[in-house]
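So you can see what is in the structure, the chains are spelled out below.
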Amino acid sequence: KKLRELILELAVRGKLVPQDPNDEPASILLEKITAGKIQFINSKKIKKSSELQSINDEGKPFELPNGWMWTSLAEIAEINPRNIDISDDVDVSFIPMPLISTDISGYHEAEIRKWIEIKTGYTHFAEGDIAIAKITPCFENSKAVIFSGLVNGVGAGTTELHVARPYTENVLPLFILLNIKSPVYLKKGEAGMTGTAGQKRLAKEFFSFYPLPIPPLAEQYRIVAKVDELMSLCDQLEQKSEASLAAHQTLVETLLATLTESADSSEL
(Lines give C-alpha, C1' and ligand atoms only; values in the text may rest on other atoms or scores of the structure.)
Protein backbone atom coordinates (compact mmCIF):
# COMPACT_ATOMS: atom_id res chain seq x y z
CA LYS A 1 0.00 0.00 0.00
CA LYS A 2 2.80 2.44 0.90
CA LEU A 3 4.59 1.75 -2.38
CA ARG A 4 1.40 2.46 -4.33
CA GLU A 5 0.88 5.71 -2.44
CA LEU A 6 4.47 6.77 -3.11
CA ILE A 7 4.11 6.03 -6.83
CA LEU A 8 0.98 8.20 -7.03
CA GLU A 9 2.57 11.00 -5.03
CA LEU A 10 5.64 11.09 -7.27
CA ALA A 11 3.46 10.91 -10.39
CA VAL A 12 1.32 13.96 -9.62
CA ARG A 13 4.37 16.00 -8.52
CA GLY A 14 6.19 15.37 -11.81
CA LYS A 15 8.91 13.25 -10.17
CA LEU A 16 8.20 9.91 -11.83
CA VAL A 17 9.36 10.56 -15.42
CA PRO A 18 11.77 13.12 -16.90
CA GLN A 19 10.44 16.38 -18.31
CA ASP A 20 11.06 17.06 -22.01
CA PRO A 21 11.56 20.77 -22.87
CA ASN A 22 10.32 20.02 -26.39
CA ASP A 23 6.84 19.10 -25.12
CA GLU A 24 4.09 21.60 -25.79
CA PRO A 25 3.64 23.38 -22.41
CA ALA A 26 0.50 22.95 -20.35
CA SER A 27 -0.30 26.66 -20.77
CA ILE A 28 -1.12 25.93 -24.42
CA LEU A 29 -3.33 23.01 -23.39
CA LEU A 30 -5.30 25.24 -21.04
CA GLU A 31 -5.79 27.79 -23.82
CA LYS A 32 -7.20 25.03 -26.03
CA ILE A 33 -9.49 23.86 -23.23
CA THR A 34 -10.76 27.40 -22.68
CA ALA A 35 -11.48 27.76 -26.39
CA GLY A 36 -13.42 24.50 -26.37
CA LYS A 37 -15.35 25.59 -23.31
CA ILE A 38 -16.31 28.89 -24.97
CA GLN A 39 -17.61 26.96 -27.98
CA PHE A 40 -19.82 24.84 -25.71
CA ILE A 41 -21.15 27.97 -23.99
CA ASN A 42 -21.85 29.74 -27.31
CA SER A 43 -23.68 26.69 -28.65
CA LYS A 44 -25.63 26.53 -25.37
CA LYS A 45 -24.45 22.99 -24.64
CA ILE A 46 -23.35 24.20 -21.21
CA LYS A 47 -24.12 27.24 -19.09
CA LYS A 48 -21.52 29.88 -18.31
CA SER A 49 -20.33 29.42 -14.74
CA SER A 50 -19.80 32.32 -12.37
CA GLU A 51 -18.25 30.11 -9.69
CA LEU A 52 -14.65 29.96 -10.92
CA GLN A 53 -12.00 30.65 -8.32
CA SER A 54 -8.39 31.71 -8.74
CA ILE A 55 -5.67 29.58 -7.16
CA ASN A 56 -3.44 31.53 -4.79
CA ASP A 57 0.04 30.49 -3.74
CA GLU A 58 -1.15 29.36 -0.30
CA GLY A 59 -3.54 26.86 -1.88
CA LYS A 60 -0.89 25.17 -4.01
CA PRO A 61 0.23 21.94 -2.30
CA PHE A 62 3.68 21.77 -3.97
CA GLU A 63 6.00 23.35 -6.54
CA LEU A 64 5.40 22.47 -10.18
CA PRO A 65 8.04 21.39 -12.72
CA ASN A 66 8.71 23.59 -15.74
CA GLY A 67 5.99 23.37 -18.38
CA TRP A 68 3.26 22.46 -15.88
CA MET A 69 0.31 24.66 -14.87
CA TRP A 70 -2.17 24.81 -12.02
CA THR A 71 -5.86 24.59 -12.87
CA SER A 72 -9.00 23.06 -11.36
CA LEU A 73 -11.63 20.61 -12.49
CA ALA A 74 -14.15 23.45 -12.75
CA GLU A 75 -11.85 25.12 -15.31
CA ILE A 76 -11.43 22.08 -17.55
CA ALA A 77 -14.65 20.10 -17.05
CA GLU A 78 -18.38 20.43 -16.50
CA ILE A 79 -19.18 19.51 -12.90
CA ASN A 80 -22.10 17.18 -12.15
CA PRO A 81 -23.61 17.37 -15.67
CA ARG A 82 -27.06 16.08 -16.61
CA ASN A 83 -27.82 13.84 -19.58
CA ILE A 84 -30.47 15.27 -21.90
CA ASP A 85 -32.40 14.20 -25.00
CA ILE A 86 -32.37 10.48 -24.14
CA SER A 87 -35.45 8.43 -24.99
CA ASP A 88 -37.13 6.78 -22.02
CA ASP A 89 -37.04 3.32 -23.60
CA VAL A 90 -33.28 3.32 -24.29
CA ASP A 91 -31.09 0.78 -22.49
CA VAL A 92 -28.40 2.47 -20.38
CA SER A 93 -25.89 1.55 -17.66
CA PHE A 94 -26.83 1.67 -13.99
CA ILE A 95 -23.94 1.77 -11.50
CA PRO A 96 -24.56 1.62 -7.75
CA MET A 97 -21.66 2.21 -5.35
CA PRO A 98 -20.79 -1.50 -4.84
CA LEU A 99 -19.97 -1.77 -8.56
CA ILE A 100 -17.32 0.98 -8.36
CA SER A 101 -13.84 -0.34 -7.56
CA THR A 102 -10.94 1.23 -5.68
CA ASP A 103 -8.54 0.06 -8.40
CA ILE A 104 -6.08 2.54 -9.87
CA SER A 105 -7.55 1.88 -13.33
CA GLY A 106 -10.91 3.38 -12.38
CA TYR A 107 -12.65 0.08 -13.21
CA HIS A 108 -16.37 -0.40 -12.67
CA GLU A 109 -19.14 -2.89 -13.45
CA ALA A 110 -22.70 -2.03 -14.45
CA GLU A 111 -26.27 -3.25 -14.70
CA ILE A 112 -28.57 -2.57 -17.67
CA ARG A 113 -31.71 -0.53 -17.07
CA LYS A 114 -34.17 1.50 -19.12
CA TRP A 115 -33.49 5.23 -18.94
CA ILE A 116 -37.00 5.96 -17.64
CA GLU A 117 -36.23 3.83 -14.56
CA ILE A 118 -33.17 5.82 -13.46
CA LYS A 119 -33.29 9.25 -15.08
CA THR A 120 -34.59 10.86 -11.88
CA GLY A 121 -33.22 10.44 -8.38
CA TYR A 122 -29.75 9.35 -9.51
CA THR A 123 -26.44 10.90 -10.58
CA HIS A 124 -26.02 11.22 -14.36
CA PHE A 125 -22.82 10.40 -16.24
CA ALA A 126 -21.60 9.57 -19.75
CA GLU A 127 -18.73 7.76 -21.46
CA GLY A 128 -15.39 9.26 -20.41
CA ASP A 129 -16.69 11.13 -17.36
CA ILE A 130 -14.58 10.99 -14.19
CA ALA A 131 -16.19 10.56 -10.77
CA ILE A 132 -15.25 10.14 -7.14
CA ALA A 133 -17.28 8.88 -4.21
CA LYS A 134 -18.11 11.78 -1.91
CA ILE A 135 -19.28 9.91 1.20
CA THR A 136 -17.21 8.32 3.95
CA PRO A 137 -15.65 5.70 3.95
CA CYS A 138 -15.88 5.32 0.15
CA PHE A 139 -13.96 8.57 -0.45
CA GLU A 140 -11.14 7.66 1.92
CA ASN A 141 -10.97 4.21 0.32
CA SER A 142 -10.39 5.90 -3.05
CA LYS A 143 -13.52 4.80 -4.87
CA ALA A 144 -13.05 6.77 -8.08
CA VAL A 145 -13.89 5.86 -11.64
CA ILE A 146 -13.64 6.67 -15.34
CA PHE A 147 -16.91 5.62 -16.91
CA SER A 148 -16.32 3.35 -19.91
CA GLY A 149 -18.22 0.78 -21.91
CA LEU A 150 -21.54 2.36 -20.96
CA VAL A 151 -24.57 1.02 -22.79
CA ASN A 152 -25.44 3.61 -25.45
CA GLY A 153 -22.75 5.83 -23.95
CA VAL A 154 -24.72 7.05 -20.94
CA GLY A 155 -25.82 6.00 -17.49
CA ALA A 156 -26.85 6.92 -13.98
CA GLY A 157 -26.09 5.60 -10.54
CA THR A 158 -25.45 6.27 -6.89
CA THR A 159 -26.16 9.81 -5.73
CA GLU A 160 -22.96 9.73 -3.64
CA LEU A 161 -20.72 10.82 -6.52
CA HIS A 162 -19.15 14.01 -7.81
CA VAL A 163 -18.76 13.86 -11.60
CA ALA A 164 -16.53 15.81 -14.01
CA ARG A 165 -17.04 15.82 -17.80
CA PRO A 166 -13.89 17.16 -19.55
CA TYR A 167 -14.48 19.81 -22.23
CA THR A 168 -11.68 18.56 -24.51
CA GLU A 169 -9.18 15.71 -24.84
CA ASN A 170 -6.21 17.88 -23.82
CA VAL A 171 -6.13 16.32 -20.36
CA LEU A 172 -6.11 12.54 -19.99
CA PRO A 173 -8.91 11.23 -17.74
CA LEU A 174 -6.42 8.71 -16.33
CA PHE A 175 -4.08 11.51 -15.27
CA ILE A 176 -6.97 13.26 -13.48
CA LEU A 177 -7.80 9.95 -11.83
CA LEU A 178 -4.22 9.65 -10.53
CA ASN A 179 -4.63 13.06 -8.92
CA ILE A 180 -7.90 12.35 -7.16
CA LYS A 181 -6.53 9.03 -5.91
CA SER A 182 -3.24 10.55 -4.70
CA PRO A 183 -2.49 10.66 -0.95
CA VAL A 184 -2.30 14.47 -0.81
CA TYR A 185 -5.75 14.83 -2.43
CA LEU A 186 -7.37 12.22 -0.18
CA LYS A 187 -5.78 13.68 2.95
CA LYS A 188 -6.86 17.25 2.14
CA GLY A 189 -10.32 16.08 1.12
CA GLU A 190 -10.84 14.01 4.25
CA ALA A 191 -9.85 16.96 6.45
CA GLY A 192 -12.47 19.15 4.79
CA MET A 193 -15.40 16.72 4.83
CA THR A 194 -18.53 17.86 6.64
CA GLY A 195 -21.44 16.07 8.29
CA THR A 196 -22.04 13.68 11.15
CA ALA A 197 -19.94 10.60 11.91
CA GLY A 198 -20.48 7.90 9.31
CA GLN A 199 -22.23 10.37 7.00
CA LYS A 200 -19.45 12.84 6.21
CA ARG A 201 -19.26 14.07 2.64
CA LEU A 202 -16.76 15.80 0.35
CA ALA A 203 -18.00 19.25 -0.65
CA LYS A 204 -18.66 19.99 -4.32
CA GLU A 205 -16.44 23.08 -3.91
CA PHE A 206 -13.42 20.93 -2.98
CA PHE A 207 -13.95 18.65 -5.97
CA SER A 208 -14.44 21.63 -8.29
CA PHE A 209 -11.69 23.97 -7.14
CA TYR A 210 -8.90 21.90 -5.54
CA PRO A 211 -5.63 22.84 -7.34
CA LEU A 212 -5.00 20.35 -10.14
CA PRO A 213 -1.45 20.11 -11.56
CA ILE A 214 -1.41 19.72 -15.35
CA PRO A 215 1.71 18.65 -17.28
CA PRO A 216 2.20 18.77 -21.06
CA LEU A 217 0.00 16.22 -22.83
CA ALA A 218 2.97 14.09 -23.94
CA GLU A 219 4.17 13.93 -20.33
CA GLN A 220 0.69 12.94 -19.17
CA TYR A 221 0.96 9.88 -21.40
CA ARG A 222 4.43 9.06 -20.07
CA ILE A 223 3.30 9.39 -16.45
CA VAL A 224 0.22 7.22 -16.94
CA ALA A 225 2.32 4.54 -18.68
CA LYS A 226 4.96 4.58 -15.91
CA VAL A 227 2.33 4.35 -13.17
CA ASP A 228 0.74 1.39 -14.96
CA GLU A 229 4.15 -0.31 -15.20
CA LEU A 230 5.01 0.22 -11.53
CA MET A 231 1.55 -0.77 -10.28
CA SER A 232 1.91 -4.02 -12.23
CA LEU A 233 5.12 -4.66 -10.32
CA CYS A 234 3.22 -4.02 -7.08
CA ASP A 235 0.64 -6.58 -8.22
CA GLN A 236 3.43 -9.11 -8.68
CA LEU A 237 4.67 -8.44 -5.16
CA GLU A 238 1.19 -8.99 -3.77
CA GLN A 239 0.80 -12.24 -5.66
CA LYS A 240 4.12 -13.49 -4.26
CA SER A 241 4.98 -14.84 -7.69
CA GLU A 242 8.37 -16.09 -8.77
CA ALA A 243 8.96 -12.70 -10.34
CA SER A 244 8.32 -10.85 -7.07
CA LEU A 245 12.00 -10.41 -6.21
CA ALA A 246 12.76 -8.93 -9.62
CA ALA A 247 9.70 -6.71 -9.35
CA HIS A 248 10.79 -5.51 -5.92
CA GLN A 249 14.30 -4.73 -7.15
CA THR A 250 12.95 -2.71 -10.09
CA LEU A 251 10.58 -0.76 -7.85
CA VAL A 252 13.29 0.01 -5.32
CA GLU A 253 15.73 1.17 -8.00
CA THR A 254 13.13 3.40 -9.69
CA LEU A 255 11.71 4.99 -6.55
CA LEU A 256 15.02 5.31 -4.71
CA ALA A 257 16.62 7.00 -7.71
CA THR A 258 13.74 9.46 -7.87
CA LEU A 259 13.92 10.26 -4.17
CA THR A 260 17.69 10.68 -4.06
CA GLU A 261 17.50 13.17 -6.92
CA SER A 262 15.40 15.49 -4.75
CA ALA A 263 16.75 19.02 -4.70
CA ASP A 264 16.74 19.38 -0.91
CA SER A 265 15.69 17.63 2.30
CA SER A 266 12.26 19.25 2.32
CA GLU A 267 11.50 17.91 -1.16
CA LEU A 268 12.81 14.47 -0.15
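These numbers come from a predicted model, not from an experiment.

Caption draft 1: Representation of the packing of aromatic side chains in the model. A full pass over the atoms with the stated rule returns nine aromatic pairs. Both rings, one in F94 and one in Y122, keep their centres 5.1 Å apart while their planes meet at 85°; by these two values the pair is edge-to-face. Separated by 28 residues along the polypeptide, F94 in strand β3 (residues 91–95) and Y122 in the loop between α4 (115–118) and β5 (123–126) bring together distant segments of the chain. On the basis of relative accessible area, F94 is assigned to the buried category, the value being 7%. Here F125 and F147 contribute two aromatic rings whose centre-to-centre distance is 3.8 Å and whose plane-to-plane angle is 5°, an arrangement assigned as stacked. One end of the pair, F125, is in strand β5; the other, F147, is in the loop between β7 (144–146) and β8 (154–157), with 22 residues separating them in the sequence. Aromatic rings pair up to connect F139, Y185, F206 and Y210 into one cluster. Over the face of the ring belonging to F94 we find R113, whose NZ or CZ atom lies 4.2 Å from the ring centre.

Caption draft 2: Broad picture of the sheet that holds β3. Here we have four strands laid out as an open sheet, ordered β4-β3-β8-β5, and mixed in their pairing. Only two strands of the sheet have a single partner each, and these edge strands are β4 (111–114) and β5. Going from strand to strand, the sheet's axes swing by 40° on average, the running direction of each strand aside. Pairing between β3 and β4: four bridges, direction antiparallel. Considered in β4, the bridge of F94 is made with E111.

Caption draft 3: Here's a closer look at the sheet that holds strand β2 (residues 77–79). Across the sheet, which stays open at both edges, the four strands sit in the order β2-β9-β6-β7 with antiparallel pairing between neighbours. Each edge of the sheet is formed by a strand with only one pairing partner; in this case those strands are β2 and β7. The average angle at which neighbouring strand axes cross in this sheet is 20°, direction not considered. Lying over the sheet, helix α5 (residues 173–180) contacts β6 (130–133) and β7, oriented at roughly 180° with respect to β7.

Caption draft 4: Focus on helix α8 (residues 217–239). End to end, α8 covers 33 Å across 23 residues, agreeing with the expected 33 Å (1.5 Å per residue, within 8%). Taken as a whole, α8 has its buried residues at E219, Q220, I223, V224, V227, L230, M231, L233 and C234. Contacts made by the buried residues of α8 are with α1 (2–12), α2 (26–42), α5, β10 (212–214) and α9 (244–260). Among the residues trailing α8, K240 stands out with phi positive, at a value near 50°.

Procedures and definitions
Residues numbered from 1 in each chain as written. Predicted model: local features only at pLDDT ≥ 70, side-chain atom pairs only at ≥ 80, totals over all residues. Heavy atoms only, no water. Phe/Tyr/Trp six-rings, centres within 6.5 Å; stacked < 30°, edge-to-face > 60°. Helix = DSSP H or I, 4+ residues; strand = E, 2+ residues; numbered from the N terminus. Buried < 20%, exposed > 50% of the residue type's maximum accessible area, 1.4 Å probe, protein only. Lys NZ or Arg CZ within 6 Å of the ring centre and 35° of its normal. Pairing = 2+ DSSP bridges. Axes fitted to C-alpha atoms, helices over the stretch in contact; angles between N-to-C directions. Contact = heavy atoms within 4.5 Å. Expected span 1.5 Å × (residues − 1).

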